[in-house]
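Chain by chain, the residues run as shown.
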Amino acid sequence: MTSHLVLHEISTGKNFTFQLPCIIGRSGDADLTFSDSAISQRHARIEESRGEIWIEDLKSANGVYVNGQRIVEKTLLKSGDLIQMGRSHFQLAAGLRQMAQQTLVLDSLDFKLGSTLDHERLRLLYEITTDLSENLDLPLLARKTFARLREIFQQDRSCLAIFQDDGSFEPILVEPAVPSFPISTSITDRVLQNGESLLLEDALTDTSFREQESRVALRIRSTLCVPLIYHNQIHGLIYLGRNVVGAYHRDDLELLRTIGFILGPLIENARLWSELKNHYANAMDTLRETQRRLIAVERMAAYVRLAQAMAHEIRNPLTAIGGLVRRMTQPEVDRSKARKVVGLVERVETILTEVDTFVKLPSPTLKLERVDHLIQEVIDGHAREVSPSGFRPSLNVHTAHLMMPVDAGQFKKSISLIFNELHSSVPQGSDVAISLRDSEHEIEIAIGGVERPGRLCDAFAPELASKPWSSGLFLTMAHKIIADHRGKLLLDPAGHSLLPMVIRMPRTILP
């Protein structure tokens, strides 16, 4: 046994050569000193006895670990063993050339170490990065990954797995498919413990793998296994295996490790995206069902209000018709009363025609339109149809955001219905200003002066139940059309008429 040994520090890649016996610690009189504050002044002793190498814990504060197990007495060391003192991790070798030859792990790479790749492999790496960065679907990402890796590594077996919180692995894709997880726990423990990338050879000849049935069944002779690291956390691993001894070398390990660094954040983002899509889909299903129920309730309420408004609107002209008809039976009847009867009948017919049109309205087909143009068209039509003694609407624009998604015909119908409603509540000859302005993500259409916008409420809010001017037929129909566009019709509960009135319409199409 040689008296010269090497400690390979995994985190830095440095090699420390020393002679036996050797005291390791942080004090100046130690044979091998380290600045790690978790290492005691005199932490451990390595010595040779009867041709064997032994390590002893010198009552250190944080202990000595060999291959992950804390030692309590002198422990036999062999080349390739992993030693932890404080926060430092080392691998023991009888010499630099012998380190990889005396262990199943032919080579390993710490995730902090640099690497060199030739131009051809850099080109392949670029192609893989470009291809994989365009995918967020996790199974698809895994399939594309293996397809690209097969061009380079010609693996017979592949596995991409994600590390779970309970310590298990969730295989995302295994090729070819096998009933059990195809990776030895000896490998996964090593990858997870130190974040190493491993190159193994002829796993079937080693006793630690001989009992792993999955390994024997797969007949794997050469293996590459690298962790998927993101934000200094191990999220999973990639495993490739071939049935050929000596198929892989250190440069293959370096390339796959580099690919693993790229895949780490991509796969973690894909996993989070998959979870987000599932949460979003569930939330949208719940929202659609809730929306469907609300729309059904709103529609029923709208028809109830519509029936009430129709009864109110039809009752007045029918009462007048009855009185006039009774007078027409008397001798002093004149033709003016007959004309009034005809006018009232025509009004009833107009109301019923409006209701019939409203009931038959289809769902709105939304398209971006200039709201100022639509309102001005209604104003122009109103001026042609109404006598000079009616009210006079005028449009004022105070915003540059004039496009909104509406069904042009239905929106103009709602404004026209509001104008019809205003005939009974606005004094003849009055000027009614209509203003367009911004309101966060909405366009606000203010009809009449709005001095207290904070007091406005929905047209059919309980606060307006005692206001007879808020339950008109035409207003009810206009409110329903605006609501179908995801808009709001707002009135002043402290007012004495329909004015002021505000319509708020979204500038974007809502789901």
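Before reading on, note that the structure itself is shown above.
Residues numbered from 1 in each chain as written. Predicted model: local features only at pLDDT ≥ 70, side-chain atom pairs only at ≥ 80, totals over all residues. Heavy atoms only, no water.

Draft legend 1. Local environment of the overall build of the chain. Summing up its helical and strand segments, the chain has 10 helices and 25 strands in all. Out of the 511 residues in the chain, the part that is buried amounts to 45%. If you take every contact in the chain between residues at least 6 apart in sequence, the share linking residues at least 24 apart comes to 61%. For the chain, the exposed area adds up to about 27,000 Å²; of that, 52% sits on carbon and sulfur atoms. (Helix = DSSP H or I, 4+ residues; strand = E, 2+ residues; numbered from the N terminus. Buried < 20%, exposed > 50% of the residue type's maximum accessible area, 1.4 Å probe, protein only. Contact = heavy atoms within 4.5 Å. Areas by Shrake-Rupley, 256 points an atom, 1.4 Å probe, with all protein chains shown as cover.)

Draft legend 2. Broad picture of the sheet that holds strand β1 (residues 4-9). With respect to topology, six strands assemble into an open sheet ordered β2-β1-β11-β10-β7-β8, the strand pairing being antiparallel. Across the chains shown, the open sheet's two edge strands, defined by having one partner strand only, are β2 (15-19) and β8 (69-70). Summarising the sheet, β1 and β2 pair through five bridges and their orientation is antiparallel. Considered in β2, the bridge of His4 is made with Gln19. (Pairing = 2+ DSSP bridges.)

Draft legend 3. Geometry of the pattern of salt bridges. Counted by the stated rule, this structure contains 14 salt bridges. Salt-bridge contacts for Arg437 lead to Glu444; the nearest nitrogen and oxygen are separated by 2.6 Å. By relative accessible area, Arg437 is classed as partly exposed at 27%. Where Lys480 meets Asp484, a salt bridge forms, and the shortest distance between an N and an O atom there is 3.0 Å. Of the two residues, Lys480 and Asp484 are both situated in helix α10 (residues 473-484); the distance of four residues between them amounts to about one turn of the helix. Its relative accessible area of 14% is what places Lys480 among the buried residues. Note on Asp484: relative accessible area 31%, which makes it partly exposed. (Salt bridge = Lys/Arg side-chain N within 4 Å of Asp/Glu carboxyl O.)

Draft legend 4. Just the sheet that holds strand β22 (residues 442-447), in detail. Read from one edge to the other, the open sheet built from six strands follows the order β19-β21-β22-β25-β24-β23, with strand pairing classed as mixed. The strands lining the two open edges of the sheet, one partner per strand, are β19 (392-397) and β23 (457-458). Across six bridges, the pairing between β19 and strand β21 (residues 431-439) is parallel. Counterpart to Val397 in the pairing with β21 is Leu436. Sitting on the sheet, helix α8 (residues 371-385) is in contact with β19, β21 and β22, with an inclination near 165° to β19. Against the sheet, α10 engages β23, β24 (488-491) and β25 (501-506), with an angle of about 135° to β24. (Axes fitted to C-alpha atoms, helices over the stretch in contact; angles between N-to-C directions.)

Draft legend 5. Region of interest: the nonpolar core. Counting residues in hydrophobic clusters, the biggest one holds 42 residues, and the most contacted among them are Val371, Phe411, Ile418, Ile445, Ile447 and Ile503. In this structure Ile503 touches Ile415, Ile418, Ile443, Glu444, Ile445, Ile447, Ile482, Lys488 and Leu489, once residues within four positions along its chain are discounted. Formed by 26 residues, the second largest nonpolar core is a distinct cluster that contains Leu149, Leu240, Leu256 and Ala270. (Core = buried A, V, L, I, M, F, W, Y, C linked by side-chain atoms within 4.5 Å.)

Draft legend 6. How the structure looks around the packing of aromatic side chains. Evaluated as defined, the whole model comprises four aromatic pairs. For the ring pair Phe16 and Phe34, a centre distance of 5.0 Å and an interplane angle of 75° mean the geometry is edge-to-face. Taken together, the residues Phe16 in strand β2 and Phe34 in the loop between β4 (32-33) and β5 (44-49) connect sequence positions 18 residues apart. Given a relative accessible area of 8%, Phe34 falls into the buried group. The interplanar angle of 85° and the centroid separation of 5.7 Å between the aromatic rings of Phe391 and Phe419 together place this pair among those described as edge-to-face. One end of the pair, Phe391, is in the loop between α8 and β19; the other, Phe419, is in helix α9 (residues 408-422), with 28 residues separating them in the sequence. As far as the burial class goes, Phe391 and Phe419 line up, both buried. Through a chain of ring-to-ring contacts, the aromatic side chains of Phe16, Phe34 and Phe90 assemble into a single cluster. (Phe/Tyr/Trp six-rings, centres within 6.5 Å; stacked < 30°, edge-to-face > 60°.)

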